[in-house]
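Breakdown of the fold
Residues per chain, in single letters:
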Amino acid sequence: MGEERIESYQDTFARIEGQVDAGNHDLSALGFWRLVGRVKAEPRLAEHWADVVGRIDRKAFEGRVGFRLPVWMGNLILGAGSIVLVALVPVGLGLARRDPESPLAGLLVVAAAGGLATTVHDLAHWAVGRAAGIRFSHYFLDGPLLIQPGLKIDYASYLRASPEARARMHAAGAVASKVAPFAVFGSVYLPHRAAGYDLLPSWSLWAILAFGALQLVTDVVSSRKRSDWKKVGRELRISRMQRKRVL
């Protein structure tokens, strides 16, 4: 790393951090993420600036996000929610056996499929990330309506992880969300078929399949513009860039 480059980054990061301290938390507008993208491309730079990048990112996050939960509490809530949602499947099947094609039974299994797609998402990010040494700082409310859970990455540990590990962490949540409804479908379809297709309302199984298919289509359509798959692609591109530099 040349001394001129270090000094240039130092001045730019100092300017951005000063703006964040003054109340400007729009890191994109400040050019922070463009600079981080250049840092990521070189492992030595990523290691050198990891703590500075993590500190600035955390300041900006805490300045713009009011409601935050500790990671352990968020995991506890999502884990408990996942257990309850999984339990809805045998409860729904039991209700359907007593009252074939019960609308309530259908609603329970549909709720399990839709709910699990949400609750397992961040849990998968957390589990795969922690296995790779990536830490997380908070849970918060995310999404356009601020109703879905979000998991804040500790960016210092994120930069110190390999691009491949970062890509796996991002992919884990997306894959878990897509698998969940089809796992529920499989668990209710087999007993439904064994009962001569008269156990659950047919609309409930079609609703689960439609939800799962909608998630897949949405990912395909928006994967290059947003979502976890965009981040997966970004980190894999960084990995290829690093390998080319070594060669």
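In short, a report on the structure. Just so it is clear, the model here is predicted, and its values are computed rather than measured. (Residues numbered from 1 in each chain as written. Predicted model: local features only at pLDDT ≥ 70, side-chain atom pairs only at ≥ 80, totals over all residues. Heavy atoms only, no water.)

Right, let's get into unusual backbone geometry. In this structure, E101 is a non-glycine residue whose phi angle is positive, near 60°. Locating E101 in the fold gives a position in the loop between α4 (71-98) and α5 (103-131). Although it is not a glycine, Y197 adopts a positive phi angle of roughly 65°. (Helix = DSSP H or I, 4+ residues; strand = E, 2+ residues; numbered from the N terminus.)

Moving on, we get to the pattern of salt bridges. Inspection of every chain in the model, using the stated rule, returns 13 salt bridges. For the salt bridge of K152 with D57, the shortest nitrogen-to-oxygen distance reads 2.4 Å. Linking K152 in strand β3 (residues 148-153) with D57 in helix α3 (residues 43-64), this pair joins segments that are 95 residues apart in sequence. In this pair, the class of K152 matches that of D57, namely buried. The closest approach of N and O atoms between E62 and R58, which form a salt bridge, is 2.9 Å. With E62 and R58 both in helix α3, this residue pair falls four residues apart, about one helical turn. Put simply, E17, D21, R55 and K59 are held in one network by salt bridges that share partners. (Salt bridge = Lys/Arg side-chain N within 4 Å of Asp/Glu carboxyl O. Buried < 20%, exposed > 50% of the residue type's maximum accessible area, 1.4 Å probe, protein only.)

Now for the nonpolar core. In this structure, F13, I16, L27, F32, W49, V53 and I56 are the most contacted members of the largest nonpolar core, which totals 33 residues. If you list the elements that add at least two residues to this core, you get α1 (3-21), α2 (32-40), α3, α4, β2 (136-142), β3, α6 (155-160) and α7 (163-194). Element by element, the count of residues in this core is highest for α3, at eight residues. What L27 contacts, discounting residues up to four positions off in sequence, is I16, V20, F32, W33, I56, D57 and A60. Counting 20 residues, the second largest nonpolar core, distinct from the first, contains V89, L93, V184 and L199. (Core = buried A, V, L, I, M, F, W, Y, C linked by side-chain atoms within 4.5 Å. Contact = heavy atoms within 4.5 Å.)

Here the focus is a nonpolar patch on the surface. On the surface, L104, L107 and W203 cluster together into a nonpolar patch covering about 310 Å² of accessible area. With respect to the element layout, L104 can be found in helix α5. We classify L104 as partly exposed; its relative accessible area is 48%. (Patch = residues over 30% accessible without salt bridge, like charges linked within 9 Å, V, L, I, M, F, W, Y side chains within 5 Å. Areas by Shrake-Rupley, 256 points an atom, 1.4 Å probe, with all protein chains shown as cover.)

A few words now on the sheet that holds β2. Hydrogen bonding along the main chain pairs the strands of a sheet, whether they run parallel or antiparallel. Within the open sheet, the three strands sit side by side as β1-β2-β3. Their pairing is antiparallel. Looking at the sheet topology across the chains shown, the edges are occupied by β1 (68-70) and β3. If you compare each strand with its neighbour and ignore which way they point, the axes differ by 35° on average. Across six bridges, the pairing between β2 and β3 is antiparallel. Across the sheet, residue F140 finds its bridge partner in β3, namely G150. (Pairing = 2+ DSSP bridges. Axes fitted to C-alpha atoms, helices over the stretch in contact; angles between N-to-C directions.)

Here we take up the packing of α5 against helix α8 (residues 202-222). At a minimum axis distance of 9 Å, the contact between α5 and α8 shows a crossing angle of 15°. Relative to α8, the element α5 lies roughly parallel. As for the relative orientation of α5 and α8, their crossing is right-handed in sense. In this structure, α5 uses P103, G106, L107, V109, V110, A113, G114 and A117 to contact α8, whose residues at the interface are W203, S204, A207, I208, F211 and Q215. Here the residues of the contact of α5 with α8 are counted per class, giving 10 nonpolar, four polar and no charged. (Parallel < 35°, antiparallel > 145°, perpendicular 65-115°, else oblique. Left-handed = near helix turned anticlockwise from the far one by under 90°. Nonpolar A, V, L, I, M, F, W, Y, C, P; charged D, E, K, R; others polar.)

Let us look at a positive patch on the surface. Where like charges cluster on the molecular surface, the positive patch consists of K230, K231, R237, R240 and K244. Its location among the elements puts K244 in helix α9 (residues 227-246). Judged by its relative accessible area of 65%, K244 is exposed. (Lys, Arg positive; Asp, Glu negative; His and termini not counted. Charge placed at Lys NZ, Arg CZ, Asp CG, Glu CD.)

On inspection of all chains with the given rule, the structure shows 10 aromatic pairs. Ring pairs connect the aromatic residues Y9, F13, F32, W33, W49, Y155 and Y158, which therefore count as one cluster. Just above the ring of F61 sits the side chain of K152; from NZ or CZ to the centre is 5.5 Å. Its guanidinium or amino end placed over the ring of Y158, R166 lies 5.2 Å from that ring's centre, counting from NZ or CZ. (Phe/Tyr/Trp six-rings, centres within 6.5 Å; stacked < 30°, edge-to-face > 60°. Lys NZ or Arg CZ within 6 Å of the ring centre and 35° of its normal.)

So, to be careful, I would describe these as geometric facts and stop short of saying anything about function.
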